[in-house]
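Here is what each chain is made of, one letter per residue.
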4 protein chains.
Amino acid sequence: MSNHYILTLSCHDIAGIVAAVAGFLTENDGFIIESAQFGDPSTGRFFMRTEFVLGEYSCGFAALKQKFGVGVAHHFSMEWQLADTSIKPRVVILVSKYRHCLNDLLHRYSTGALPIEIPCVISNHDDLRELCTWYKIPFIYIPVVNGDKLAQEAKVWEHLEQAQAEVVVLARYMQVLSPGLVSKMAGRCINIHHSFLPSFKGARPYHQAYDRGVKLIGATAHYVTNALDEGPIIEQEVVRVDHSNSPEALVAVGRDSECLVLARALKYHIEHRVLVNGNKTVVFR
Amino acid sequence: MSNHYILTLSCHDIAGIVAAVAGFLTENDGFIIESAQFGDPSTGRFFMRTEFVLGEYSCGFAALKQKFGVGVAHHFSMEWQLADTSIKPRVVILVSKYRHCLNDLLHRYSTGALPIEIPCVISNHDDLRELCTWYKIPFIYIPVVNGDKLAQEAKVWEHLEQAQAEVVVLARYMQVLSPGLVSKMAGRCINIHHSFLPSFKGARPYHQAYDRGVKLIGATAHYVTNALDEGPIIEQEVVRVDHSNSPEALVAVGRDSECLVLARALKYHIEHRVLVNGNKTVVFR
Amino acid sequence: MSNHYILTLSCHDIAGIVAAVAGFLTENDGFIIESAQFGDPSTGRFFMRTEFVLGEYSCGFAALKQKFGVGVAHHFSMEWQLADTSIKPRVVILVSKYRHCLNDLLHRYSTGALPIEIPCVISNHDDLRELCTWYKIPFIYIPVVNGDKLAQEAKVWEHLEQAQAEVVVLARYMQVLSPGLVSKMAGRCINIHHSFLPSFKGARPYHQAYDRGVKLIGATAHYVTNALDEGPIIEQEVVRVDHSNSPEALVAVGRDSECLVLARALKYHIEHRVLVNGNKTVVFR
Amino acid sequence: MSNHYILTLSCHDIAGIVAAVAGFLTENDGFIIESAQFGDPSTGRFFMRTEFVLGEYSCGFAALKQKFGVGVAHHFSMEWQLADTSIKPRVVILVSKYRHCLNDLLHRYSTGALPIEIPCVISNHDDLRELCTWYKIPFIYIPVVNGDKLAQEAKVWEHLEQAQAEVVVLARYMQVLSPGLVSKMAGRCINIHHSFLPSFKGARPYHQAYDRGVKLIGATAHYVTNALDEGPIIEQEVVRVDHSNSPEALVAVGRDSECLVLARALKYHIEHRVLVNGNKTVVFR
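Residues numbered from 1 in each chain as written. Chains lettered and ligands numbered in written order. Predicted model: local features only at pLDDT ≥ 70, side-chain atom pairs only at ≥ 80, totals over all residues. Heavy atoms only, no water.

Summarising the element assignment, Glu230 of chain D is placed in the loop between strand S10 (216–223) and strand S11 (233–240). Each C-alpha atom, one on Glu230 of chain D and one on Pro198 of chain D, is 7.4 Å from the other, the two residues being 32 residues apart in sequence. Residue contacts for Glu230 of chain D: discarding those within four places in its chain leaves Arg212 of chain A together with Lys201, Thr225 and Asn279 of chain D. (Helix = DSSP H or I, 4+ residues; strand = E, 2+ residues; numbered from the N terminus. Contact = heavy atoms within 4.5 Å.)

The structure is reproduced here in structure tokens:
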């Protein structure tokens, strides 16, 4: 039976927050494993993440959660979450035809490196079915029929709901989502973009990078918002290239960064290390 | 007038430490700016660093320090330090003939990037006098006479004491220090070694790296102990090289890493971000 | 039909080699795509790699090869190889229980990122059979019976010969090979070691790294020789870690480097970019 | 007396160029030290750089140059340069008030790491005079008077001509140059921009980076053209940052990248490793 929990919170930054939170945990037989905090001077907002275990004299998770809500959280008008690490988050992955990111995520999932449930993989193409089948994960093929993207999206959403998806990962899903769907998944839909944003938004970023002659190419994982490729950045990485790399070589080299960056971002997210701060993120690594 | 302080502490890891420290600060009108902690599961030791400002209703720094010592610190048997950030630490730099690290540190000192006092630079060679003079820093030339290293060291120590040196930086000082001197500066003497330790200890590490054919070379900043190049590592960095790099090219390329790594390590140290943990360090970056 | 070839050579470094090689190719209707060379001043040895295509007026690959051998190669006493890029090299992978490197290599193989044939995967454990089967690659299980390692090795060698293996990759194969087997595969057996060599040779390098408190961990791909973890290094990479990483966390973080480094080293090798230079390598990237 | 030369060239890519160049050098008692080439498939343009020494039976540098021009270079309609490495290129540095890049370049100049002559440093502010004086380099203060930038530029150009500047380095020179001046220095004026271009062009890039919440910041060295911050990129580097970095912290962290990137770009340039290819560069490192 688990007794390992993660508390995340944000609120207006005033004196006494850490003392109140740490005091509350100590009074309730909580033992802090790891704690991090950040006060943003530009907004006056305070962010905190605390991992703790509960001892035998605690009132139990449910009671603790209730007490925290009416007590400390209420007092400081906090936005907060309290997560039980024994419950694996349900992550649905959306893909199109590219296999590298999906292969990487499924491998990490199967070895336990990513402690998640994957109720299903959804795709607008049928190409990656076999891979999912091998990992014993339901593959749901939802094509765009007659160009009706909204109808396709409606079906996708239905499956996300059925799957009780807490997190949605766009692992090179080659469709721009409608504002309606995006808003339903605000703060929990992660996209991998194959450039070092804000450079090279939109289509064919490796070709854009080739044309500009940059000496490093990158990948960016970010939360999806309605401004294309402009959501809060979670993680980025770059890799050195040179004049001899064709656009195709950039695509090949970049794939490794895409996999790494997406896997890291998802790991930070499910470990509750990422707190959204306006159009930016606080990442407690 | 300053009211910005840094508390660092370590003690046996039990429940309630964060609550006690944060509670103490809140009760004494302290406002936490930044806080980090680490419990080492392999040793059961707890480490914490907290930056805070004092408000107008506080009892003042001296009284606060006294109260913390007899109260929280005593209760948890802490090793602790409480530093006033308005007082710049006194850093003495020891050099021989190589100029790059000294030039880098003095530049950072003069621009305020490294908020330190440099009461003097001490050297066993006279080569770098002019550079120090330009930066208006006393240069003290203490050669080894007739091979009597201990006599030279005794003079060095005398000057360190006169200078009230809190930190000693060996910026490519090409002398092995005696155990006696090392022990007097335990935990506050930083050396830069021009390899990625533990590879290539001792003399001519770039030539060792060349002979081994490594594809990355590095630099390591560490606290000096009596085991040569085996003290607690503070910071490391590497840079890519290839077969075409001669030993001389490795020396040239490596210099940039040496400067960067030493400057970072010193910055972490003077910001009280480095806590020694046996033969390792905790670095709260 | 292919007409894309790679010439690699090494010889004593004297004047006129590039002119002779380039002249030979031009006279034989060869068009140079890419060329690199290196003269090692410490040994007086010259290394060269040239990619070229043959035009319609050439004498054809077989005749060209014969002419080069009796002409330029003979004149300069070259060690040389001339490879037809349309023929995929046959690579046999040896594994034990760890899946990450194998999974990565098979993925790259299946997408064409690594243009190789994999006649079989050989293992001393049966754990990774299913993965190979999915990729439609024969999996050959050769356990060590009654501790008789040489008998097991003899069977491994038999299968390597049957498979006509040109390259052997030890993808976390947890067995030290006997001198006899090593010498049979000199210069074409690549191992991945999970440390930044020469640091942390031998067993449990991540635990060694944890104990030393290094701030970067790494991985090294090298040719296998009879000196354990001391063969010519092909490629290395590092990744930043800190005090909070447990040995298990280092293992998890390090896996990504292992995969990347091994895949890069194998790619360089099969593209004939790696030339052995004593106990070092020349890598024409 | 020197006999070490560097030939750089570009021309339409057809068969036989390497053979012709290497053959020419061999016939004239040249010994190739290092050679690199690149054929750009997107433009059909060929680029080559060859370092060589001349032996005792050669016709001498001047005659060789003449012969090459009327022979090989003419035959292939090459753009070409033949440089004598014993003649240090004359580099004029333009600065405003920021000292870090200038300090870094002058240090490298004084240690011989950058084998250049610096006939003078020119600035629109008087702040950095003392530093130049210490390095015994004439400091020329040319302020903008009454907002007349063209008049100031005219004086700058006069001094560049008097100084016989072959290379001009804008080491954080905070003035946009007029098209007229830019065109006079085409392909030999290097600027350091304090962002990872093409992201964050123009003013205050670190503040732009802060606002966007990127996880890596960078620096870019490029040739100056009349499209602001859009000239051919020579070198780039990035460094990891996080949410806790204020804009001021980004400025401080970024300075190290600026210095490194500018120094590397200048080194590549003076070693004739950079060939302009449209709005991109070929860098033979």
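Text resumes after the structure shown.
In this section: the side chain of Asn28 of chain C. Residues and elements named next belong to chain C. With respect to the helices, strands and loops of the structure, Asn28 is situated in the loop between helix H1 (17–27) and strand S2 (30–40). Separated by 2.7 Å, the side chain of Asn28 and the backbone oxygen of Phe24 make a polar contact. In contact with Asn28, other than residues within four places in its own chain, are Leu54, Ser58, Cys59, Leu64 and Lys67. (Polar contact = N/O pair within 3.5 Å; in protein donor to acceptor, adjacent residues only side chain to side chain.)

The next subject is the relation of the copies chain D and chain A. What connects the two chain copies is a rotation about an axis and a shift along it. It takes a turn of 180 degrees to lay chain D on chain A, together with a shift of 0.0 Å along the axis; the resulting RMSD is 0.0 Å. Taken together, the turn and the small shift mark the pair as related by a two-fold rotation axis. Taking C-alpha positions as reference, the residue of chain D nearest the rotation axis is Ser199 of chain D, located at 2.5 Å. In this assembly the copies share their binding face: 100% of the residues contributing to the interface of chain D also contribute to that of chain A. (Least-squares fit on C-alpha atoms with pLDDT ≥ 70 in both.)

The next point concerns the relation of the copies chain C and chain A. If you rotate chain C by 180 degrees and push it 0.0 Å along the axis, it lands on chain A with an RMSD of 0.0 Å. A symmetric contact is evident, with 100% of the interface residues of chain C recurring at the interface of chain A.

Time to look at helix H7 (residues 205–212) of chain B. Taken together, the buried positions of H7 of chain B are Pro205, Tyr206, Ala209, Tyr210 and Arg212 of chain B. Those residues of H7 of chain B hidden inside the fold are in contact with strand S9 (189–193), strand S10 (216–223) and helix H8 (247–270) of chain B together with S2, strand S11 (233–240) and strand S13 (280–283) of chain C. A positive backbone phi angle near 75 degrees is found at Gly213 of chain B, which sits one or two residues after H7 of chain B. (Buried < 20%, exposed > 50% of the residue type's maximum accessible area, 1.4 Å probe, protein only.)

A residue-level look at chain A finds 99% of positions with pLDDT of 70 or above and a mean pLDDT of 96. Across the predicted assembly, pTM comes out at 0.96 and ipTM at 0.95. (pLDDT = per-residue confidence, 0-100.)

Bringing the packing of helix H3 (residues 100–111) of chain A against helix H3 (residues 100–111) of chain C into the picture now. Contact pair H3 of chain A / H3 of chain C: the axes reach a minimum separation of 11 Å and the direction vectors enclose 160 degrees. The angle between the axes of H3 of chain A and H3 of chain C places the two elements in the roughly antiparallel class. In the crossing of H3 of chain A with H3 of chain C, the sense of the turn from one axis to the other is right-handed. In contact with His100, Asn103 and His107 of chain A of H3 of chain A, H3 of chain C contributes His100, Asn103 and His107 of chain C. Among the residues forming the contact of H3 of chain A with H3 of chain C, the class breakdown is no nonpolar, 6 polar and no charged. (Axes fitted to C-alpha atoms, helices over the stretch in contact; angles between N-to-C directions. Parallel < 35°, antiparallel > 145°, perpendicular 65-115°, else oblique. Left-handed = near helix turned anticlockwise from the far one by under 90°. Nonpolar A, V, L, I, M, F, W, Y, C, P; charged D, E, K, R; others polar.)

It is worth spelling out helix H8 (residues 247–270) of chain D at this point. Spanning 24 residues, H8 of chain D covers 34 Å between terminal C-alpha atoms, matching the ideal 34 Å at 1.5 Å per step. Where H8 of chain D terminates, the next one or two residues include His272 of chain D, which has phi positive at roughly 60 degrees. (Expected span 1.5 Å × (residues − 1).)

Here we come to the interface of chain C and chain A. Contact residues are listed per partner, giving 14 residues for chain C and 14 residues for chain A. For the pair chain C and chain A, the summed buried area comes to about 1400 Å², and 46% of that belongs to carbon and sulfur atoms. Contact with chain A buries area across many residues of chain C, yet Arg99, His107 and Trp134 of chain C alone supply 42% of it, more than any other trio. Our count for the contact surface shared by chain C and chain A stands at 4 salt bridges. A salt bridge links Lys136 of chain C to Glu130 of chain A, with the shortest nitrogen-to-oxygen separation between them at 3.7 Å. Connecting chain C to chain A are 7 residue pairs in polar contact (both at pLDDT 80 or more). Broken down by secondary-structure element, the contributors of at least two residues to the side of chain C that touches chain A are H3, helix H4 (129–134) and helix H8 (247–270) of chain C. (Buried area = accessible area lost by both parts, 1.4 Å probe. Salt bridge = Lys/Arg side-chain N within 4 Å of Asp/Glu carboxyl O.)

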